[in-house]
Amino acid sequence: MNGIRFGSLLGLGGFGLLLLLILGANPARALPGQTTKEVAAWMQANSTLRPSRGEKFLVTKSNTAAQRFTFEASLLSPSRIKQSPNAGIIRSERLTLFDMRNGVTQERLKESLRAIYGLEVAQDFDRAQIIYTYPSQVTIQQAIAQNNPLLASLQGELRRGSRYAYWLEIAQTPEGLAYAGRLTLLLRDDVDPLEAEIRNR
């Protein structure tokens, strides 16, 4: 979108970030709550997402085997609670970064959000209320006591903005390095069941 391409998502910083600040001010045109037709047209016109032949709502791009970006628009909420799709309305959109060279941070996911959706959505994310973060201190203590670093390997948060809800999650290796992360936009109505599911998993 707005001339920002996939390479920028994997190497943001310096010039890439400046480019985002200059070109990322236009609002997004496709978001959860819109029809599959609207979202498909927006993805095709978005220079960062533009699906290849055979792709539609799931786009995968990679520079090397060590760097990969995926974007998926879905009729379903990210919660596992069974819900009936609503007449072709997209309920969630998820971007995922995998980068063995540079690692993945919360800031990189936020920059990717802005690159794809523009300033308006990025500001909604920044101003959104954080309603849950994990792992909890109890989970971390259990991981230490059980010598089980995987127990606390997922770091995440749920936010409720004025327009959308956001679920950010980063997976760490046992050594504390993060090579994979994802950021999901979802309808505000879907965040409560997702929070309950995450708390109980």
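Refer to the structure presented above.
Keep in mind that what you see is a predicted model, and the values were worked out from it rather than measured.

Visitor: Go over the sheet that holds strand β6 (residues 165-172) with me, naming the residues and quoting the values.
Guide: Across the sheet, seven strands lie side by side as β1-β2-β3-β7-β6-β5-β4; this open sheet has antiparallel pairing. Each end of this open sheet is capped by a strand with a single partner; those strands are β1 (58-64) and β4 (129-134). Between one strand axis and the next, the sheet turns through 10 degrees on average, direction left out of account. In the packing of helix α4 (residues 106-117) onto the sheet, contacts are made with β2 (67-74), β3 (92-99), β5 (154-160), β6 and β7 (178-186), and the angle to β3 comes to roughly 130 degrees. Lying over the sheet, helix α5 (residues 119-127) contacts β4, β5, β6 and β7, oriented at roughly 75 degrees with respect to β6.

Visitor: A description of the packing of α4 against α5 should follow, citing residues and the corresponding values.
Guide: Remark: α4 packs on α5, axes separated minimally by 7 Å, with the N-to-C direction vectors making an angle of 145 degrees. Facing α4, whose interface residues are Lys110, Leu113, Arg114 and Tyr117, α5 presents Leu119, Val121, Ala122, Phe125 and Asp126. Its residues assigned to classes, the contact of α4 with α5 shows six nonpolar, no polar and three charged.

Visitor: With reference to specific residues and values, describe the pairing of β6.
Guide: Of all the eight residues making up β6, six are buried; the element is thus mostly covered by neighbouring parts of the structure. Pairing analysis gives seven bridges linking β5 to β6, with the strands arranged antiparallel. Paired with Leu158 across the two strands is Trp167, which belongs to β6. In sequence, β5 turns back onto β6 through a hairpin of four residues. Examined bridge by bridge, β6 and β7 share eight bridges and lie antiparallel to one another. From the neighbouring strand, Ala165 faces β7, where its bridge partner is Leu186. The turn joining β6 and β7, which pair antiparallel and follow one another in sequence, is formed by five residues; a positive phi near 90 degrees is taken by Gly176.

The rules behind each value
Residues numbered from 1 in each chain as written. Predicted model: local features only at pLDDT ≥ 70, side-chain atom pairs only at ≥ 80, totals over all residues. Heavy atoms only, no water. Pairing = 2+ DSSP bridges. Helix = DSSP H or I, 4+ residues; strand = E, 2+ residues; numbered from the N terminus. Axes fitted to C-alpha atoms, helices over the stretch in contact; angles between N-to-C directions. Contact = heavy atoms within 4.5 Å. Nonpolar A, V, L, I, M, F, W, Y, C, P; charged D, E, K, R; others polar. Buried < 20%, exposed > 50% of the residue type's maximum accessible area, 1.4 Å probe, protein only.

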